[in-house]
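# Chains, contacts and geometry: an overview
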Amino acid sequence: MPRSTVETAPGDESPPPPGDDHAFFGQPRGLLTLSGLEVWERFSFLGMQAILVLYFADTVAHGGMGMSPGTAASVSAAYGTLVYLVSVAGGWLADRILGSYRAVLWGGVLIACGHYSMAVPTATMTWVGLGLISAGTGLLKPNVATMVGKLYRTEDDRRDAGFALYYMSINIGAFAGPLVTAWLGDHRGWHWGFSAAAVGMTFGLVQYVTGRRHLAGRKRAAEFALAPDAMRRAVPLIALGLLAVAAVAALLAVAGYLTMDRFVDLLTLVSVIAPVVYFAVMFRSPRVTDAERGRLRPYIVLFLASTVFNFILFQAYSTMMLLAASNAETTILGYDFPAGWYASALGAFEVALAPVVAALWVRMGHNQPHASNKIAIGVVLGGLSFLLIVLPTSGHSGDDYLMSAWWIVGSYLLLGLGDVLLETSGMSATTKLAPVAFSSQTMSLWFLSLALANGIQAQTVKLYDDVSKPAYFGVNGAIAVAAGLAVMALAPWLRRTMHPVH
């Protein structure tokens with residue numbers, strides 16, 4: 001594709017060099033820069049998340065937080081909810097004030113600071129660190145995916161394959177992160193694992209800055225910047241608002257009104273309300289054309305499908321991790337390993353499967369399945385991954401049994417394939433369906449589906465201590481399978497209304 005066909009923002013004076021277009025396995029070289037950043041961001045984020053629920057559930061005497069398993073899973077899910085809720089603000093800041101490049105840069109800085117904070121072995125610094133990581137990830141995640149979309153024209157058949165390669169690359173970090181952090185957490189202490197996550201994010205920032213010349217849309221100004229007067233008012237108002245929220249939260253916590261349970265419930269409520277409000281704003285905006293508004297309607301179906309699948313996926317780092325730690329063998333072929341290494345299996349499968357999926361889509365070209373069908377199959381596979389766990393957890397009189405490690409590995413195989421199908425197609429479709437005036441913010445809306453998934457999970461996992469494991473995994477898995485089949489049934493309408501998305 002010649003230089004003139006690369007999608008860049010109007011007025012962007014610095015498109016990528018013309019030789020970049022096929023420099024990375026037939027993809028733009030900017031994909032290598034963004035994928036490299038995400039390798040290290042996922043190394044740090046998922047490396048930390050693989051041990052976070054175990055840290056929460058571990059005894060205080062052993063360096064943990066002393067929570068019950070259900071509470072630990074709920075708090076971990078609430079943290080995930082906060083991460084993706086903040087992505088809405090991250091998309092707005094990129095569109096209106098910072099620009100995508102600077103939003104990603106400052107997001108990475110905040111993430112690194114958060115992980116360094118968690119390396120300090122005190123409960124206070126743990127909460128400070130999680131707050132900084134939430135803010136940083138909200139800036140970074142939606143805008144990196146948007147920058148990937150800017151490397152391609154809408155009709156470019158390489159687009160889905162490019163997102164698949166991007167997803168494969170970032171899952172190298174998802175594979176490597178838990179290997180390092182879980183070993184350190186098991187052998188040296190949890191905060192040593194958090195330290196490794198901090199170093200990983202620092203490496204990611206270095207390679208992002210050094211590879212910036214290969215990125216499209218990297219100009220300093222925001223693409224839809226506020227007017228100068230509005231900009232001068234917005235920045236101090238945002239700063240004062242953040243300080244006010246922090247002060248009120250601190251006062252309520254000291255007074256005993258803002259307990260952990262109430263905070264989790266509040267985040268769940270916000271995760272439900274936020275996407276409803278956000279869809280309403282975009283449908284009513286005068287800056288959204290009738291054609292763009294028509295493409296938002298099928299996007300609601302994709303949004304709900306993403307919510308159902310990610311409700312299952314995120315439990316790979318909560319209930320599945322707790323199950324692996326308590327009821328699964330941690331020995332394969334005579335080698336003992338930390339329970340946190342199970343999380344690496346998910347990343348390994350996604351690394352292995354993503355290039356296969358990418359090659360398949362390239363080979364099929366315009367004959368590949370519609371994006372909605374890819375997403376539906378992913379949801380069904382997610383449900384099957386939970387239904388598989390029903391088999392080894394059934395028929396036991398007590399809770400002191402150990403299942404073979406291969407059951408967890410098999411579940412993660414199904415989940416990994418589903419994740420590759422759904423997330424790559426979902427992110428790619430989002431960049432195509434996005435109204436021009438809400439480009440970064442529409443990607444934030446995709447991440448709001450992850451916030452909603454975590455918000456629902458934060459309530460559901462509370463039942464983990466109270467119901468049998470076959471019932472817990474069986475009911476959740478069956479709901480996901482039913483949701484995937486429902487999306488398949490809507491395929492004719494989705495194909496018609498999502499045009500030109502294939």
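The structure this text deals with has already been given above.
Summarised in this report is the structure supplied together with it. (Residues numbered from 1 in each chain as written. Predicted model: local features only at pLDDT ≥ 70, side-chain atom pairs only at ≥ 80, totals over all residues. Heavy atoms only, no water.)

## Some points on the overall build of the protein chain
Put simply, the test is: A helix here means a DSSP run of H or I that spans at least four residues, while a strand means a run of E at least two residues long, and both kinds are numbered starting from the N terminus. Pairs of residues are marked as contacts when any of their non-hydrogen atoms sit within 4.5 Å. Only the protein chains shown count as cover for residues, and all accessible areas are computed by the Shrake-Rupley method using a 1.4 Å probe.
Assigned secondary structure in the protein chain consists of 16 helices and two strands. Within the protein chain, contacts between residues at least 6 apart in sequence are counted, and of these 83% link residues at least 24 apart. Summing over all exposed atoms, the protein chain offers an accessible surface of approximately 19500 Å²; the carbon and sulfur share of this is 69%.

## Section: the packing of helix H1 (residues 30–57) against helix H2 (residues 69–98)
Here is the rule we go by: Axis definition: a line fitted to C-alpha atoms, over the contacting stretch in the case of helices. Angles run 0 to 180 degrees between N-to-C directions. For this classification, under 35 degrees means roughly parallel, over 145 means roughly antiparallel, 65 to 115 means roughly perpendicular, and everything else is oblique. Handedness of a crossing is defined here by the sense of rotation of the near helix relative to the far one, left-handed for an anticlockwise turn of less than a right angle and right-handed for a clockwise turn. By the convention adopted, Pro, Cys, Tyr, Trp, Phe, Met, Ile, Leu, Val and Ala count as nonpolar, Lys, Arg, Asp and Glu as charged, and the other residues, Gly among them, as polar.
Two elements in contact, H1 and H2, have axes separated by 8 Å at closest approach and are oriented at 150 degrees. By the angle between their axes, H1 is roughly antiparallel relative to H2. You can see that H1 and H2 cross each other, and the crossing is right-handed. For the pair H1 and H2, contact is made by Arg42, Phe45, Met48, Gln49, Leu52, Val53, Phe56 and Ala57 and by Ala72, Ala73, Val75, Ser76, Tyr79, Val83 and Tyr84, respectively. Here the contact of H1 with H2 is built from residues that sort into 12 nonpolar, two polar and one charged.

## Let's talk about the packing of H1 against helix H3 (residues 100–118)
The geometry of H1 relative to H3 is characterised by a closest axis approach of 12 Å and an angle of 35 degrees between their N-to-C directions. When you trace H1 past H3, the crossing you get is left-handed. Along its contact with H1, which presents Leu37, Glu41, Ser44, Phe45, Met48 and Leu52, the element H3 presents Val104, Ile111, His115 and Met118. A per-class count over the contact of H1 with H3 returns seven nonpolar, two polar and one charged.

## Considering the pattern of salt bridges
Rules: By salt bridge we mean one thing: a side-chain nitrogen of Lys or Arg within 4 Å of a carboxyl oxygen of Asp or Glu. Each residue is placed in one exposure class: buried if its accessible area under a 1.4 Å probe, protein chains only, is under 20% of its type's maximum, exposed if it is over 50%, and partly exposed if it falls in between.
The final tally for this structure, using the stated rule, is four salt bridges. As a salt-bridge pair, arginine 42 and glutamate 41 come within 2.7 Å of each other at their nearest N and O atoms. Exposure remark for arginine 42: the relative accessible area of 8% places this residue in the buried category. For aspartate 265, the salt bridge goes to lysine 462, with nearest N and O atoms at 3.2 Å. One end of the pair, aspartate 265, is in helix H8 (residues 260–284); the other, lysine 462, is in the loop between helix H14 (439–460) and helix H15 (469–489), with 197 residues separating them in the sequence. The class of aspartate 265 is partly exposed, set by a relative accessible area of 36%.

## Section: the environment of tyrosine 257
Summarising the element assignment, tyrosine 257 is placed in the loop between helix H7 (228–255) and H8. Take tyrosine 257: its relative accessible area is 56%, and that puts it in the exposed class. Excluding anything up to four places from it in sequence, tyrosine 257 contacts Leu252 and Arg262.

## Points about helix H12 (residues 371–393)
To be explicit about the condition: A helix is expected to span 1.5 Å for every residue after the first.
For H12, which comprises 23 residues, the first-to-last C-alpha distance of 35 Å matches the rise-based estimate of 33 Å (1.5 Å per residue) to within 8%. With 18 of 23 residues buried, H12 is to be regarded as a mostly interior element. The first or second residue beyond H12 is glycine 395, which carries a positive phi of 80 degrees.

## With respect to the nonpolar core
The nonpolar side chains of a soluble globular protein tend to be buried with one another. The criterion, for reference: Only buried Ala, Val, Leu, Ile, Met, Phe, Trp, Tyr and Cys residues count toward a nonpolar core, and they belong to the same one when joined by side-chain atoms within 4.5 Å.
Met48, Tyr342, Ile408, Tyr412 and Phe473 are the most contacted members of the largest nonpolar core, which has 126 residues in total. Among the elements that take part in this core, H1 stands out by supplying 13 residues, more than any other. When near neighbours in sequence (up to four residues on either side) are disregarded, phenylalanine 473 contacts Thr319, Met320, Leu323, Phe386, Leu387, Ile389, Val390 and Tyr464. Membership of the second largest hydrophobic core comes to six residues, among which are Ala94, Leu98, Leu139 and Ala234.

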